[in-house]
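Secondary and tertiary structure notes
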Number of protein chains: 2
Amino acid sequence: MVANPERRAQITDAALEVLGANGSRGLTHRAVNRAADVPTGTTANYFPSRAGLLLAMAHRIFDRLSPEPDRVTQLADLPPERATVEYAAYATERLLADSTLALALIELRLEAARQPEVRQALEPFLRQGFTDDVNFHDGQGLPGGRPAVLVTHHLVMGVVLDALTIPLDPHQSPVDEVRQTVAALFT
Amino acid sequence: MVANPERRAQITDAALEVLGANGSRGLTHRAVNRAADVPTGTTANYFPSRAGLLLAMAHRIFDRLSPEPDRVTQLADLPPERATVEYAAYATERLLADSTLALALIELRLEAARQPEVRQALEPFLRQGFTDDVNFHDGQGLPGGRPAVLVTHHLVMGVVLDALTIPLDPHQSPVDEVRQTVAALFT
């Protein structure tokens, strides 16, 4: 088989749709073939192992959720305290804007808790992403260092999980909540 | 069929084990019968609908995660700012101490995002629990009101989701992180 990067991306995106919409147990080669509208056997050719498919999906989520360069440039012009708040708000916005991707990211993590081979594939990738975030944060001169980046990640994931499932307080805006909390913590 | 509360609880606990360990798609009447070691048809007799089973599971999670009365009494003796921090730390501890229950709670929320009838069953129950928490918080004279309770819930869920799947920073203690963050926010 000659690897075709576009088809690989098409299959990975279809897999993310299936995972976000139906949960991890719905993620079968057959369901992905159907969602990607490709012939039987295609997904299995590209991704013989489930862990390999899930790792490609994680890469793809982070590609698709990556910030717009123009927006990052704008935010970098803000004073560090304001920038810290607005980066966190922007990350929340991006996750909420694509609920299937955000739910798929949570499903990938749950799958890692259940299956050691998935965990082994995802762990180095997620940790590297976190280290990159810490380096970016420090490089921009933002306050609080590694613990600030960690708690911001956790806050954003908790807010997004709630907003995309059963919001405990439907009158609270998730983005405002993140903005106010990060401002209270780090400015 | 004469309803038997003990058997009902046994089936509900078995369903929580199945959900926490295998995710929502693994949650079938057959899998629950097997996990509860009851005859074919038993789970379907007690819970003809999936939404009814999931609602009973949510009730049971909150029963099983409810705080020890002695511990609550101890915490109520602390000054309000200290008490706010220690209630949040204690909630985190309880979730981490029973990872299957904590993961099942996240799975229930994801299931609600996928299925309207599950959402309709769970939403009033989760909202009532949140209102009870706000009333308790206010009644104890703790600072920050409803927004403080909301953000603490979100923080704890984000920290627990990370800790039970792929911890981004395995050197950080989840309970210490919650304690320090809540202290920074509300004291």
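Below or above, wherever it landed, is the structure these notes cover. (Residues numbered from 1 in each chain as written. Chains lettered and ligands numbered in written order. Predicted model: local features only at pLDDT ≥ 70, side-chain atom pairs only at ≥ 80, totals over all residues. Heavy atoms only, no water.)

Quick look at the overall build of chain A
What counts is decided by this rule: Secondary structure counts use DSSP, requiring at least four H or I residues in a row for a helix and at least two E residues in a row for a strand, with both numbered from the N terminus. As a reference, a globule follows 2.2 Å times the number of residues to the power 0.38, and the radius of gyration itself is taken over C-alpha atoms. In this scheme, a residue with accessible area under 20% of its type's maximum is buried, one over 50% is exposed, and one in between is partly exposed, where area comes from a 1.4 Å probe on protein chains only. Whether two residues are in contact is decided by their heavy atoms, any of which lying within 4.5 Å being enough. To be clear on the numbers: accessible area is Shrake-Rupley with a 1.4 Å probe, and residue cover counts the displayed protein chains and nothing else. The positive count covers Lys and Arg only, the negative count covers Asp and Glu only, and His and the chain ends enter neither. The location of each charge is read from NZ of Lys, CZ of Arg, CG of Asp or CD of Glu.
The secondary structure content of chain A amounts to ten helices and zero strands. Taking 187 residues into account, the globule formula puts the C-alpha radius of gyration at 16 Å, and chain A, at 18 Å, falls close to it. With respect to the three principal axes, the spread of C-alpha positions in chain A is 55 × 35 × 30 Å. Relative to its 187 residues, chain A shows a buried fraction of 50%. When contacts within chain A are restricted to residue pairs at least 6 apart in sequence, long-range pairs at least 24 apart make up 68% of them. Summed over its atoms, the accessible surface of chain A is roughly 8500 Å², and 50% of this surface lies on carbon and sulfur atoms. Of the side-chain charges in chain A, 17 are positive and 23 negative, and the distance between the mean point of each set is 9 Å.

Side note on the packing of aromatic side chains
This is how it is decided: Two aromatic rings, drawn from Phe, Tyr or Trp (for Trp, its six-membered ring), form a pair once their centres lie within 6.5 Å of each other, and the interplanar angle then sorts them: stacked below 30 degrees, edge-to-face above 60, tilted otherwise. Only when the NZ atom of a Lys or the CZ atom of an Arg is both within 6 Å of the ring centre and within 35 degrees of the ring normal do we say a charge sits over the ring.
The final tally for this structure, using the stated rule, is four aromatic pairs over all chains. Here the aromatic rings of tyrosine 87 of chain B and phenylalanine 136 of chain B are separated by 5.3 Å at their centres, their planes lie at 85°, and the arrangement is edge-to-face. Of the two residues, tyrosine 87 of chain B sits in helix 6 (residues 80-97) while phenylalanine 136 of chain B sits in helix 8 (residues 116-139), which places them 49 residues apart along the sequence. Accessibility expressed as a relative area gives 35% for phenylalanine 136 of chain B, which makes it partly exposed. Its end group placed over the ring of tyrosine 90 of chain A, arginine 71 of chain A keeps NZ or CZ at 4.2 Å from the ring centre. Here the basic side chain of arginine 94 of chain A rests over the ring of tyrosine 90 of chain A, its NZ or CZ set 4.5 Å away from the ring centre.

Observations regarding the environment of leucine 122 of chain B
You can see leucine 122 of chain B is positioned in helix 8. Distance from leucine 122 of chain B to threonine 42 of chain B, taken between C-alpha atoms, is 23 Å for residues 80 residues apart in sequence. Residue contacts for leucine 122 of chain B: discarding those within four places in its chain leaves Ile166 of chain A together with Leu54, Leu55, Ala58, Leu108 and Ala112 of chain B.

Structural notes on the relation of the copies chain B and chain A
Heads up, the condition is: Copies overlap after least-squares fitting; the atoms used are the C-alpha atoms of residues with pLDDT of at least 70 in both.
Mapping chain B onto chain A calls for a screw motion: a turn of 180° about the axis and a shift of 0.0 Å along it, with 0.0 Å RMSD after fitting. In symmetry terms, the pair is related by a two-fold rotation axis. Of the C-alpha atoms belonging to chain B, the one lying closest to the rotation axis is found on glycine 158 of chain B, 1.9 Å away. In this assembly the copies share their binding face: 100% of the residues contributing to the interface of chain B also contribute to that of chain A.

Quick notes on unusual backbone geometry
Trans is the prevailing form of peptide bonds, just as negative phi is the prevailing case for residues other than glycine. All names here are of chain A. Positive phi, normally seen in glycine, also occurs at aspartate 37, with a value near 55°. Checked against the element boundaries, aspartate 37 lands in the loop between helix 2 (29-36) and helix 3 (42-46). Residue classification places aspartate 37 among the exposed residues on the basis of a relative accessible area of 68%.

Describing the packing of helix 6 (residues 80-97) of chain A against helix 9 (residues 145-164) of chain A
All names here are of chain A. Just so we agree on the cut-off: For helices, the fitted line uses only the C-alpha atoms of the stretch in contact; every axis is such a line through C-alpha atoms, and the angle between N-to-C directions lies from 0 to 180 degrees. With the far helix as reference, a near helix turned anticlockwise by less than a right angle produces a left-handed crossing, and one turned clockwise produces a right-handed crossing. Under this grouping Gly is polar, as are all residues other than the nonpolar Ala, Val, Leu, Ile, Met, Phe, Trp, Tyr, Cys and Pro and the charged Asp, Glu, Lys and Arg.
Their axes nearest at 10 Å, the elements helix 6 and helix 9 cross at an angle of 35°. Along this stretch, helix 6 crosses helix 9, giving a crossing that reads as right-handed. Here Ala88, Thr92, Leu95 and Leu96 of helix 6 lie close against helix 9, whose contacting residues are Thr152, Val156, Met157, Val160, Ala163 and Leu164. Along the lines of polarity and charge, the residues of the contact of helix 6 with helix 9 split into eight nonpolar, two polar and no charged.

Side note on the interface of chain B and chain A
Stated formally: Here's the idea: put two parts together, see how much 1.4 Å probe accessible area each one loses, and the total over both is what we call buried area. In the sections that follow, a salt bridge refers to a side-chain nitrogen of Lys or Arg positioned within 4 Å of a carboxyl oxygen of Asp or Glu. Polar contacts here mean pairs of N or O atoms no more than 3.5 Å apart (in protein, one a potential hydrogen donor and the other a potential acceptor; neighbouring residues in sequence count only if both atoms are side-chain atoms).
Contact residues are listed per partner, giving 42 residues for chain B and 42 residues for chain A. Of the roughly 4100 Å² buried where chain B meets chain A, counting both sides, 65% is carbon and sulfur surface. Looking at the side of chain B facing chain A, the largest losses of area belong to Arg109, Ile166 and Leu168 of chain B, adding up to 19% of the total buried there. Across the pair arginine 114 of chain A and glutamate 107 of chain B runs a salt bridge whose closest N-O atoms are separated by 2.7 Å. Seen at the junction of chain B and chain A, the total is 20 residue pairs in polar contact (both at pLDDT 80 or more). Those elements that provide at least two residues to the side of chain B that touches chain A are helix 1 (5-22), helix 7 (99-114), helix 8, helix 9 (145-164) and helix 10 (174-186) of chain B. Sort the elements by how many residues they give to the side of chain B that touches chain A and helix 9 of chain B lands first, with twelve residues. When the residues that make up the side of chain B that touches chain A are grouped by side-chain class, the tally is 22 nonpolar, nine polar and eleven charged.

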